[in-house]
Amino acid sequence: MELCDRSAHEIYQLLREKKISALEVWESSQKRIEAVDGRPGVIEPGEITGADLNTVHAFITPTPERARQQAQQVDEKLNKGEDPGLLAGVPFTTKDIFSVKNTLSTAASKILANYSAPYTATAVERLENQGAVMMGKVNLDEFTYGSSNESSAFQPSTRNPWNTERVPGGSSGGSAASVAAGEAALSLGTDTAGSIRQPAAFCGVVGVKPTYGRVSRYGLIAFASSLDCPGPVARNVTDAAIMLQSMAGPDRRDSTAAAVDVPDYLNNLQKSIKGLRIGLSPDYFRITYMNEDGELMQRDVSDEIRHSVYHAADILRDLGAEIVEDVPMPNTRYGIPAYFVISRVEAASNLHRYDGVKYGYRTHTSNVDLQTLYRKSRNEGFGLQPKLRILMGMYVSAAQYSEQYYVRALKVRSKIRSDFDTAFDPLGPYRLNALLTPTTPSTAFPMGDVYGDSVLMQYADQFTVPANHAGIPGLSLPAGLAADGLPLGVQLLGPDFSEDILFRLGKAFEDGSTGEDWRQVKPAVLRNL
Amino acid sequence: MTDYEVVIGLETHIQLNTTTKIFCSCKADSWDDEPNTNICPVCTGLPGVLPVLNKAVVEKGVLLAKAMHSEIRTLSFFDRKNYFYPDLPKGYQISQYDLSLGKGGYLDIPMPDGSQRRVRIEKLHLEEDAGKTKNVGNRRFIDFNRCGVPLIEMVTAPDIRSADEAAQYLLRLRQLLRWLGISEADMEKGHLRCDGNVSIRPKGSTELFTKTEIKNVNSIDNVRNAIEHEFARQVREVEAGNKVRAWTLDWDENKNELKKMRSKETEADYRYFREPDLLPVRLDEAWLESILKDFPELPLARRQRFMEEYQLPLYDADILTTERGLSDYFESAVKAYGGDPKRVSNYLLNDVMRMLNDEGKTAQQLKLTPQFMADILKMVDAGKINTSTGKNLLKKVEESGLAPEKIVESEGLGLVSDDSAIRDVVKKILENNPSEVSAYKEGKTTLIGWFTGQVMREMRGKADPKLAQQILKDLLDQ
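Everything numeric in this text was worked out from a predicted model, so none of it was measured.

Caption draft 1: Examining the overall build of chain B more closely. When its secondary structure is counted, chain B shows 15 helices and 17 strands. Against the 2.2 N^0.38 benchmark of 23 Å for 478 residues, chain B shows a C-alpha radius of gyration of 31 Å, more extended than a compact globule. For chain B, the spread of C-alpha atoms along the principal axes amounts to about 100 × 60 × 50 Å. Within chain B, buried positions represent 39% of all 478 residues. Long-range contacts, defined here as pairs at least 24 residues apart, represent 69% of the contacts in chain B between residues at least 6 apart.

So, in C-alpha cells, the structure goes:
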C-alpha cells in the first residue's frame, strides 16, 4: 500500500514511530497527483482531449512547494521532539472556496480567477496548525452552485475516480475525488444543501456536514450564509473525526460559530452503540419533484438504494442499536423548493461584492460609465449558475414578492426543523439518536447529463438539504457498490452537536461491514497503477 | 395670498465615538489619517469575511434610545440593505430595519421664546457607515477608512415647523450626544450628519405634501439656511402654479444655494433581509442594567433642577447645563463652597468659561478644581483677599495647579489686617495731605473714600478696606 493510500490516523502513528517522514508522505501524494489527476482546471482549457477524459482533474491550484515546506516543518518538529499536532504530515486538499493567504482563491469562477486572498480561513488555519499539509486548492461548481462540478469555470472539471465518465458530485467534487483517488487523505469541503455528503457518496468516501456553527465560516466565500457548513471529507470515520476535532469550536472572527464545547470524538468512537435508537423514514425513500406541468410527483428510490440503507440498519441492529421504522418526516418534500428561495436570496446578496471595482475580474472594455462597468464585469465574469441565482434571488426578495416566497420559505424551514425536533425529542414518540437515510436518490450521474438543468440537479440534494435547513449534523458513509460499479452512500442525521454519536455509529457500521467484498474494490483510476 | 407653513423632518446620522469599528477591530476614527489606512479584510468586504458586532456600539445605542424615550427592544436584528455603490464594498450595508434597537421616542426642544416643542422619533437604528468617494476630473477615488464606522440613524417625524426649530433640534441633539458621551457630534467632521425633508402646506392644513430632501449640510447654521431657502423656493413654485417635485437637493455652502442632485420619484427596493452572518442582539437584564446603571440626569432636567434647587435664573442654568462636565463642576463647587450658588455661577459664567474657551479645555481638565474655586470664594467672603485678588487667583491656580492658599501665602496676596501696619500708613497719608484733612474736618466727609483709596494704593490693594476705613475715621475724628 502506498503511503498516500494510508489513512490520516495511520500516517500520524507511523510518523510518531519515526517509521516514515512527512516528506515521504508528501512525495507519495505528489506522485499520485501526477499519476491520476491530469491537468488542473483552467479558465481557457482549449480542447478537451482524450487524455483529459481518463484523469480526475481534482485541482485548480496545486501548491506543491508550499506543501513540501509544510512537510519539512513537521519533520523538523518531530526531530526536535516537539508536538507536531493531531494531523502532522497528513496531506489534505482545500475546496477552492476557502481563502488561503497568498494563494489564488477562485471559487471556480472567472470573476475571482486572479484573486489572491490576503488572509487564511479559520478552518484551513486550524488544520495547518495541527500539522496537516495542504496539497492544493481543488475544483468545485462555480461558487459551489451545483451538484456535479461541471459548472466550474475551470475546465476540465473534476471526474469521478470510480468512473471518469461520471461526475464526482458537487459542489465539493474536487474534495471527494481527491480523497477517493488517494491524492490526499483528507479534504476540506463545504455543505450548503448536501455539497459534502452527495459527492462523498458518489465517490465512495466519508463526508461530514457538521452542525451549523460547529466549524467557523470565516474565510469561506459565502453561498448561502445561513446554510453553509465547512466540513471534512475523508476515507474513513476515524479520519473524519480527527479532522473535525482539529477544526471545530468557537471563533472570535465568526459570531455564528457556536460557543459549545467540542467533545473528544476519538475517545467516543469505540464506545458501544447498544441501545442507540436509529430511525428509518418512508419520506427518505422517495423523491418528490415537479413535472413539466408543475404538478408534484413522487418516485421511489431504486431497490438498490433502499437495500443499502436496510443493510446498514441490519448491521447496526446486530451491534445493539434499536431500529425504529416509519418515522414520519412529512416536510422533507418541501426542502428543495424552500432551499431554492432562501439560498438564492442570500446568494444574490453575497454576490453583490463582485463588481469589478476592487478585485477580481474587470471588463476589458475601457472608458465606460459606472453602471456599464458593473454590468459588463458581472456579465463577463459570472457563469450561468451565478447568473441564474442572482436573477431568482433578486426576484423572490423584491418587496412585492418577498412575502409569498422568501418569508414563506422561512416558515417551511422551521417546519422542517420541527420534523427533526419531534423525531429526536428524548421525551417524544420516537426518541431517536439518529435517522438513517440514503445520501442520494441515485449513484453518480454521467457527465453532461443534467448540467444546465439546475432544477433536476437539485433533486440530488433532496435527502441532504433538510439537515441544512435544520442546522443539524449529517454523516455520509460509503455503504456498498451498485450494479453499475459506482459507490452507494448512506446518511446518518442527528440532533444539534451530536457529531460524536454519529461518528460512533459510523465507526460501528465500518467495523460491522469490514469483511464485505465491496470494501476491497478500488476506484477505477487506481486499478492500473 | 395663502399663508404657508413648512413641514420638516430631519434624518440624522450619528457617528459613535467607539475605539474600533462596528464589525472589525480597525480604528473607528480616521479624521487625520491618510485614505485606506484603517482598513482590513472585514471592513473592505473581501470574499469570505464575516462581521462580528462591537458590543460598545449596542451600549451607546441603548444610552441614546433611553435618552430619546424610545422603547428599547431587548431583541433586535441586523439586516442587509442591498444596493450597488463603489464605496459600499460588500454591495450591501449592514443596518437594522423592522426590528431595530429603538422604537419610537421623542426629544423635547426648548425654544428661545420659552415655549417647548416635542419632536417625535420614527426610527432609531444601528448601522455601518460606507466609504467616501471623491471625483477628481474623470477619475474616481475611494477611501474605505470610513467603511464600518458605527452609526446611529435617527429619523424624526415631520414635527418640525421652522428652520429655527430644526436648528434648535440639532443643537439639543448635539448637546445630548456629548452629554451621554457617545459621539463627538461635530458636524464639520461628519460625526453628526443631517438631511432635511422639507415640504410646505397652507397654514391650518394637516396634509403632507410632496417633500424634497436636502443633503450634505455640514453645520447647524447651514441647515437653518438651506431650509429657509427651500421653504422660500417651494412657496415660489406653488405661487407660480407649479408643483413641488420629489427632488434630492444638494446644499452648496460656498454659493449659499441648493442644487438639484436627482429626481426621486420612486422608492428604491433595497431587498432587506436578515443578516445571516450576525446573531440577533439580545439585551438581557444584566447587560441592560450594567449599561444603564450610571445613566445621567439629562440636560433639561438638570437645568430645571438648577433653577429650583439653587435658585438660578434660566440664563445661568441654561449655560451651566450646555455641557455635562461644566454642570458637574458647578455642583461640586457649590457643594465645596456652601455659600450662595449664584456666586459660584457668576465666577463660572464670567471667568471660568472664558478660561475654558481660550484654552479649549473642558471643565474636567481644569487644574482649578471645584474645591480650589470654593476655597477662593471662601477667602473672599472671609476678607482674607479682596474680590480682584480672588479673580486673579483663578488664573494663577489654573496655571500652577497649586492650592490658592499657598499662592496667597507665597505671593503675599493676603489682606493686611494688622492694625498697626495699616495705622502707620494712614498716619503717613494724613501727614502728606493736610489740605484734604482740613477739608474733611470742615465737613466734606465724603473724602473718606478718597483717603481709603490712597491707603489701598499705598498698600497695593492688600489692606483690609473695612479696617483701613475704620482707622482713618478714628484718626480724622480725633
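Caption draft 2: Structural detail: the overall build of chain A. Looking only at helices and strands, chain A features 17 helices and 13 strands. Since a compact globule built from 529 residues should have a radius of gyration of about 24 Å, the 22 Å found for chain A is in line with a globular shape. With respect to the principal axes defined by its C-alpha atoms, chain A has extents near 70 × 60 × 50 Å. Partitioning the contacts of chain A with sequence separation of at least 6, the portion at a separation of at least 24 is 75%.

Caption draft 3: Up close: the pairing of strand 2 (residues 91–95) of chain A. Residues and elements named next belong to chain A. Judged by how many residues are buried, strand 2 sits mostly within the fold: five of five residues are covered. Because side chains alternate across strand 2, one face comprises the buried residues P91, T93 and K95, and the other comprises F92 and T94, equally buried. Across five bridges, the pairing between strand 2 and strand 3 (residues 133–138) is parallel. Following the sheet pairing, F92 is matched in strand 3 by M134. Crossover handedness for the path strand 2 to helix 4 (residues 122–129) to strand 3: right-handed. As paired strands, strand 2 and strand 4 (residues 186–191) are joined by three bridges and run parallel to one another. When the sheet's bridge partners are listed, F92 is paired in strand 4 with L186.

Caption draft 4: Highlighting the pairing of strand 6 (residues 229–234) of chain A. Residues and elements named next belong to chain A. In terms of burial, strand 6 is a largely internal element, six of the six residues being buried. Strand direction decides the pairing type here: strand 4 and strand 6, joined by six bridges, are antiparallel. From the neighbouring strand, D191 faces strand 6, where its bridge partner is C229. In terms of strand pairing, strand 5 (residues 206–209) meets strand 6 through two bridges, oriented antiparallel.

Caption draft 5: Molecular detail of the domain arrangement of chain B. Here the domain parsing of chain B yields domain 1 (4–288), domain 2 (297–411) and domain 3 (419–476). Placing a centre on the C-alpha atoms of domain 2 of chain B and another on those of domain 3 of chain B gives a separation of 35 Å.

Caption draft 6: Layout of the interface of chain A and chain B. With 33 residues of chain A at the contact, the number on the chain B side is 22 residues. Listing elements by their share of the side of chain A that touches chain B, those giving two or more residues are helix 10 (335–350), helix 11 (370–381) and helix 12 (384–397) of chain A.

Caption draft 7: Representation of unusual backbone geometry in the model. Residues and elements named next belong to chain A. Of note, the amide linkage connecting Q155 to P156 takes the cis form, showing an omega dihedral of 0 degrees. Within the secondary structure, P156 is located in the loop between strand 3 and helix 5 (173–180). Cis peptide bonds are those with omega within 30 degrees of zero, and the linkage from G170 to S171 qualifies with 10 degrees. Mapped onto the fold, S171 is located in the loop between strand 3 and helix 5. Phi at K18 takes a positive value of approximately 60 degrees, unusual for a residue other than glycine. Within the secondary structure, K18 is located in the loop between helix 1 (8–16) and helix 2 (22–36). According to the C-beta neighbour criterion, K18 is exposed, with 10 such atoms within 10 Å. The backbone of A107 shows a phi angle near 55 degrees, a positive value even though the residue is not glycine.

Caption draft 8: Fine view of the confidence of the model for chain B. Scored by pLDDT, chain B has a mean of 92; 98% of the residues are at 70 or more. Across the assembled chains, the prediction reports ipTM 0.95 with pTM 0.91.

Caption draft 9: Spotlight on the environment of K428 of chain B. If you trace the backbone, K428 of chain B turns up in helix 12 (residues 419–432). Spatially, the C-alpha atoms of K428 of chain B and S183 of chain B are 64 Å apart, while their sequence positions differ by 245 residues.

Caption draft 10: A look at helix 4 of chain A. All names here are of chain A. Counted residue by residue, helix 4 has seven buried out of eight residues, so it is predominantly covered. The set of residues buried in helix 4 consists of T122, A123, V124, E125, R126, L127 and E128. Against helix 3 (64–79), strand 2, strand 3, strand 4, strand 6 and helix 7 (237–247) lie the buried residues of helix 4.

Caption draft 11: Inspection of the nonpolar core at higher detail. Of all hydrophobic cores here, the largest spans 230 residues; its most connected members are V90 and F92 of chain A. Setting aside its immediate chain neighbours within four residues, V90 of chain A contacts A8, I11, Y12, A132, V133, A185 and L186 of chain A. Counting 30 residues, the second-largest nonpolar core is a separate cluster that includes F330, V344, L366 and M373 of chain B.

Caption draft 12: Quick look at the packing of helix 7 (residues 324–337) of chain B against helix 8 (residues 341–359) of chain B. All names here are of chain B. Remark: helix 7 packs on helix 8, axes separated minimally by 9 Å, with the N-to-C direction vectors making an angle of 135 degrees. The orientation of helix 7 with respect to helix 8, classified from their angle, is oblique. For the element pair helix 7 and helix 8, the recorded crossing hand is right-handed. In this structure, helix 7 contributes F330, A333, V334 and Y337 to the contact, and helix 8 contributes P341, V344, S345 and L348. Of the residues in the contact of helix 7 with helix 8, the class split is seven nonpolar, one polar and no charged.

Caption draft 13: How the structure looks around helix 13 (residues 403–424) of chain A. The first and last C-alpha atoms of helix 13 of chain A sit 31 Å apart over 22 residues, in line with the 32 Å expected at 1.5 Å per residue. What helix 13 of chain A keeps buried is the set Y405, Y406, A409, R413, I416, D419, F420, A423 and F424 of chain A. Those residues of helix 13 of chain A that are buried are in contact with strand 7 (277–279), helix 10, helix 12, strand 11 (434–438) and helix 15 (465–470) of chain A together with strand 16 (273–274) of chain B.

Caption draft 14: Molecular detail of the environment of G249 of chain A. Residue and element names in this part refer to chain A. Note that G249 resides in the loop between helix 7 and helix 8 (265–269). The class of G249 is partly exposed, set by 18 C-beta atoms lying within 10 Å. A C-alpha to C-alpha distance of 24 Å links G249 and V205, two positions 44 residues apart in sequence.

Caption draft 15: Main features of the sheet that holds strand 10 (residues 322–324) of chain A. Residue and element names in this part refer to chain A. A sheet is described by the order of its strands in space; here 11 strands give the open sequence 1-3-2-4-6-5-12-13-11-7-10, paired in mixed fashion. The strands lining the two open edges of the sheet, one partner per strand, are strand 1 (59–62) and strand 10. The sheet shows a mean angle of 30 degrees between the axes of neighbouring strands, taken without regard to direction. Judged from the three bridges that link them, strand 5 and strand 12 (residues 474–481) form a sheet pairing that is antiparallel. Paired with G207 across the two strands is S476, which belongs to strand 12. Across the sheet, helix 3 is in contact with strand 1 and strand 3; its angle to strand 3 comes to roughly 160 degrees.

Caption draft 16: Structural detail: the environment of L266 of chain A. All names here are of chain A. The residue L266 is located in helix 8 in this model. You can call L266 partly exposed: it has 16 C-beta atoms within 10 Å. Sequence separation of L266 and A67 is 199 residues, and the distance between their C-alpha atoms is 26 Å. Those residues in contact with L266, other than ones at most four positions away along the chain, are A241, I242 and Q245.

Thresholds applied
- Residues numbered from 1 in each chain as written.
- Chains lettered and ligands numbered in written order.
- Predicted model: local features only at pLDDT ≥ 70, side-chain atom pairs only at ≥ 80, totals over all residues.
- Helix = DSSP H or I, 4+ residues; strand = E, 2+ residues; numbered from the N terminus.
- Rg over C-alpha atoms; globule rule 2.2 N^0.38 Å.
- Buried ≥ 20, exposed ≤ 12 C-beta atoms within 10 Å, placed from the backbone.
- Contact = placed C-beta atoms within 7 Å.
- Pairing = 2+ DSSP bridges.
- Right-handed = clockwise from strand over helix to strand, strands pointing away.
- Domains from an automatic or database assignment.
- pLDDT = per-residue confidence, 0-100.
- Core = buried A, V, L, I, M, F, W, Y, C linked by C-beta atoms within 7 Å.
- Axes fitted to C-alpha atoms, helices over the stretch in contact; angles between N-to-C directions.
- Parallel < 35°, antiparallel > 145°, perpendicular 65-115°, else oblique.
- Left-handed = near helix turned anticlockwise from the far one by under 90°.
- Nonpolar A, V, L, I, M, F, W, Y, C, P; charged D, E, K, R; others polar.
- Expected span 1.5 Å × (residues − 1).

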